[in-house]
Amino acid sequence: MNESEDSIQEIQINQCRPNPYQPRKTFQADAIEELKESILEYGIIQPLIVRQSIKGYEIVVGERRFRAAKEAGLEVIPVIVKDLTDHKMMEIALLENLQREDLTPIEEATAYDNLLTELKITQEELSKRLGKSRSHIANMMRLLSLPEQVIAYINNGELSMGHGRALLSVKNEDQLLELVTKIRKEKLNVRQVEQLIQQINKESNKKKEKPKKDIFIQNTETRLREQFGTAVNIQRGKKKGKIEIEFYSDEDLERLIEILSE
């Protein structure tokens, strides 16, 4: 190949294949259709960036143009061939999409996750490389800890990133999925969801709180604990109560029986 690296070449469209590291997984059909019409009238104005592979070329930047060109029936497309590593290819694809603000929150979060794994770097290092704050990267990646169904709703636009970030504070997954159904059914905004979650978490904390024992029970537990030399728990109900005395071995049990038999 005699051409310089940045010179534009024309290659057969069937020699190209999508970027395996493309962060954007969803392509809007109407956007592809508009681009196809533009290509039919004016051609491809901006060449694609590709790298050579064993089976032709892999698209680094320009997959939407590639898809639209196929729809338009083009047989050849203009490209610039770059010599790139897998890591560099992934990084460029992510940067190009981030600059266009063309990713869903989930696609962006997944791209960060993939970069951290592939490049074996910290979030701090990634933030410097991409020009994004570490907190932004961390907050986006937290969305990936949501249940798969919720992730799918965010990815297809039924729930916003704001909804997703609010839902992260719901600890019980059953409650979370019930809340998601309510959000979709009633079209709740983020502020309404935050208020509901505050109420859910408050009620959940109340259920977890054990009723405080009165001073007589507490004093009695202390006295028995000192007498038996082990943990003692007294539970008093409306009609009956019980005393639990812990032991840790057969010998410990024999010791307690002797004390109780005195």
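Further up the page is the structure itself.
Now for a quick tour of the structure.

Conventions adopted
Residues numbered from 1 in each chain as written. Predicted model: local features only at pLDDT ≥ 70, side-chain atom pairs only at ≥ 80, totals over all residues. Heavy atoms only, no water. Patch = residues over 30% accessible without salt bridge, like charges linked within 9 Å, V, L, I, M, F, W, Y side chains within 5 Å. Areas by Shrake-Rupley, 256 points an atom, 1.4 Å probe, with all protein chains shown as cover. Salt bridge = Lys/Arg side-chain N within 4 Å of Asp/Glu carboxyl O. Helix = DSSP H or I, 4+ residues; strand = E, 2+ residues; numbered from the N terminus. Contact = heavy atoms within 4.5 Å. Axes fitted to C-alpha atoms, helices over the stretch in contact; angles between N-to-C directions. Parallel < 35°, antiparallel > 145°, perpendicular 65-115°, else oblique. Left-handed = near helix turned anticlockwise from the far one by under 90°. Nonpolar A, V, L, I, M, F, W, Y, C, P; charged D, E, K, R; others polar. Core = buried A, V, L, I, M, F, W, Y, C linked by side-chain atoms within 4.5 Å. Buried < 20%, exposed > 50% of the residue type's maximum accessible area, 1.4 Å probe, protein only. Pairing = 2+ DSSP bridges.

Moving on, we get to a nonpolar patch on the surface. Together, Phe247, Leu253 and Ile257 line one region of the surface with nonpolar side chains, adding up to about 240 Å² of accessible area. Mapped onto the elements, Ile257 comes out in helix α12 (residues 250-261).

So, on to the environment of Leu74. Relative to the elements of secondary structure, Leu74 occurs in the loop between α2 (63-72) and β5 (76-81). Along the primary structure Leu74 and Glu194 are separated by 120 residues, whereas in three dimensions their C-alpha atoms are 50 Å apart. Every residue in contact with Leu74, bar those within four places of it in the chain, is listed here: Ile13, Ile39, Ile44 and Ala69.

The next thing to look at is the packing of helix α4 (residues 105-119) against helix α6 (residues 134-142). It is at 8 Å that the axes of α4 and α6 come closest, and there the two elements cross at 110°. As judged from the angle between their axes, α4 and α6 are roughly perpendicular. Crossing hand, α4 versus α6: left-handed. Judged by residue contacts, Pro105, Glu108, Ala109, Tyr112, Asp113 and Leu116 of α4 engage His136, Ile137, Met140 and Met141 from α6. Among the residues forming the contact of α4 with α6, the class breakdown is seven nonpolar, one polar and two charged.

What follows deals with the nonpolar core. Core analysis: the largest hydrophobic core is formed by 36 residues, its most contacted members being Tyr112, Leu146 and Leu167. Mapped onto this core, the elements with two or more residues apiece are α3 (86-100), α4, α5 (123-130), α6, α7 (148-155), α8 (161-167), α9 (173-186) and α10 (190-208). With seven residues, the top contributor of residues to this core is α4. Aside from chain neighbours lying at most four places away, what touches Tyr112 is Leu94, Leu98, Leu126, Leu130, Lys132, His136, Ile137, Met140 and Met141. Counting 18 residues, the second-largest nonpolar core is a separate cluster that includes Ile39, Val50, Ile59 and Ala72.

The next point concerns the environment of Glu63. Tracing the backbone shows Glu63 in helix α2. When the C-alpha atoms of Glu63 and Ile106 are compared, they prove to be 19 Å apart, with 43 residues separating the residues in sequence.

We now examine the pattern of salt bridges. As enumerated under the stated definition, the model contains eleven salt bridges in all. Here Arg184 and Glu158 are joined by a salt bridge, their closest N and O atoms 2.8 Å apart. With Arg184 in helix α9 and Glu158 in the loop between α7 and α8, this residue pair connects regions lying 26 residues apart in the sequence. Residue classification places Arg184 among the partly exposed residues on the basis of a relative accessible area of 33%. Measuring nitrogen to oxygen at the nearest pair gives 2.2 Å for the salt bridge that ties Asp214 to Arg236. Here Asp214 is found in the loop between α10 and α11 (215-228), whereas its partner Arg236 is found in strand β6 (residues 232-236), with 22 residues between them in sequence.

With that settled, consider the packing of α4 against α5. One can describe the packing of α4 onto α5 by two numbers: an axis separation of 10 Å at closest approach and a directional angle of 110°. In terms of orientation, α4 and α5 fall into the roughly perpendicular class. Handedness of the crossing formed by α4 with α5: right-handed. For the pair α4 and α5, contact is made by Tyr112, Leu115, Leu116 and Leu119 and by Gln123, Leu126, Arg129 and Leu130, respectively.

With mixed pairing, the five strands of this open sheet are ordered in space as β1-β5-β3-β4-β2. Looking at strand neighbours, the two that pair on one side only are β1 (8-12) and β2 (16-17), the edges of this open sheet. Against the sheet, α2 makes contact with β2, β3 (48-53), β4 (56-61) and β5, and its axis sits at roughly 125° relative to β4, the strand it touches most.

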